[in-house]
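# Tertiary structure, described
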Amino acid sequence: MTAAVELIAAPWNLGLRPPAPGREPGTWRAPQALLSAGLEARLRPARTVELDRPPYDFDPQPATRIRNGVTIREQTLRLGEAVRAALAASRFPVVLGGDCSILLGCLLGARSQGRCGLVHLDGHSDFRHPGNYDPGSTLGSVAGMDLALATGRGELLLTHWPEVGRPLVADEDVIQIGDREHEEIPPVTRFTAQEIQQIGIARLGERVISRLEQRGLDRVWLHLDLDVLDERVLPAVDSPGRPGLDFSQLSELVSTLAGTGRVAGLDVAVYDPELDPDGAYAAPIVDCLASALAPLATMEATRA
């Protein structure tokens, strides 16, 4: 049975570097921008939960070499509880970020109901960890580390969690889609941006579903970093690039995966309204999500 949507707004930017000295990244504005562009009206959620915006710390925090690391742990626990509550109410959580650090809270909440895989849609692998950079000389940023942290690589502060321990997801239960930089990552299943251009979205969907079946994964979380879109389609993200998907391809893929009944929930990250001063890109993002999740919105409308 299809679950009704629950929207969870997570307005933070904690996992990103300052774009300029003394200036915070603007991704914290994304949830409100998407809601104002009609996402709530289009998805007709059973409930909308708005989390508080946490403070952004420009200076390193004590006892961690991860930017805003202590605050991210606190917020991860809060977001995890919100996702857990939505799932316990048999709803489909759609988490609006924010930057990619929201993935940790999403997975933590999803793990409250047992094993959960991860489909990681992102133009980058986000697999930075102490094994491939020097944390002593560089402050880590979770938006480029979320997949590494989710698979248990990095500081205990952000890899070891109450009741779950570590990792949040096993390497073998991860599918990474859209990396355009061919970065070195562990033995996860991956489909690069260049490979997607060759095989097409329909074939990609078939291969992803086949992998889920092989792993016996009845539940996965879908992480959607909007920089998986080609920069010619959506430049208003932290790290735009090409090649990438267009909105129709992204909608088709998300719809295909959600239609399997295996997706427990999804998060949307890295749209930065400050890079979109005219608000030109909020509506296409809303259209894409609403189209992909139309069956869920239709179900809620029928209930109402």
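Residues numbered from 1 in each chain as written. Predicted model: local features only at pLDDT ≥ 70, side-chain atom pairs only at ≥ 80, totals over all residues. Heavy atoms only, no water.

Naming follows an unreviewed UniProt entry, where the protein appears as Arginase/agmatinase/formiminoglutamase of Streptomyces sparsogenes DSM 40356.

### Comments concerning the packing of aromatic side chains
What the rule picks out here adds up to one aromatic pair. Centroid distance Tyr56 to Phe58: 5.1 Å. Interplanar angle 70 degrees. Geometry classified as edge-to-face. For Tyr56, a relative accessible area of 9% puts it in the buried group. Arg128 extends its terminal NZ or CZ atom over the ring of Tyr133, reaching a point 4.2 Å from the ring centre. (Phe/Tyr/Trp six-rings, centres within 6.5 Å; stacked < 30°, edge-to-face > 60°. Buried < 20%, exposed > 50% of the residue type's maximum accessible area, 1.4 Å probe, protein only. Lys NZ or Arg CZ within 6 Å of the ring centre and 35° of its normal.)

### As for the sheet that holds strand β1 (residues 4-10)
Spatially, the eight strands line up as an open sheet ordered β2-β1-β3-β8-β7-β4-β5-β6, and their pairing is parallel. Of all strands in the sheet, those with a lone pairing partner are β2 (47-50) and β6 (189-191), marking the two edges. Direction aside, the axes of adjacent strands within the sheet are offset by 15 degrees on average. By the bridge criterion, six bridges tie strand β7 (residues 220-225) to strand β8 (residues 263-269) in an arrangement that is parallel. For Val220, the partnering residue across the bridge sits in β8 and is Val263. (Pairing = 2+ DSSP bridges. Helix = DSSP H or I, 4+ residues; strand = E, 2+ residues; numbered from the N terminus. Axes fitted to C-alpha atoms, helices over the stretch in contact; angles between N-to-C directions.)

### Regarding the environment of Asp146
Mapped onto the secondary structure, Asp146 falls in helix α5 (residues 146-150). Here Asp146 falls in the buried class, since its relative accessible area comes to 0%. A C-alpha to C-alpha distance of 20 Å links Asp146 and Pro55, two positions 91 residues apart in sequence. In contact with Asp146, not counting residues within four places along its chain, are Cys100, Leu103, Leu104, His120, Asp126 and His223. (Contact = heavy atoms within 4.5 Å.)

### Re the side chain of Ser101
Relative to the helices and strands, Ser101 resides in the loop between β3 (91-97) and α4 (102-110). Overall, the relative accessible area of 0% leaves Ser101 in the buried class. Aside from chain neighbours lying at most four places away, what touches Ser101 is Trp12, Gly15, Ile72 and Val142.

### A word on the pairing of strand β5 (residues 174-177)
Two faces belong to every sheet, and in a regular strand the side chains alternate between them. Burial of the side chains of β5 extends over both faces: Val174 and Gln176 are buried on one face and Ile175 and Ile177 on the other. In this sheet, β5 lies alongside strand β4 (residues 117-121) in parallel orientation, the contact comprising four bridges. Looking at β5, one finds that Leu121 is bridged to Ile177. As defined by bridge partners, β5 adjoins β6 across three bridges and the pair is classed as parallel. From the neighbouring strand, Gln176 faces β6, where its bridge partner is Arg190.

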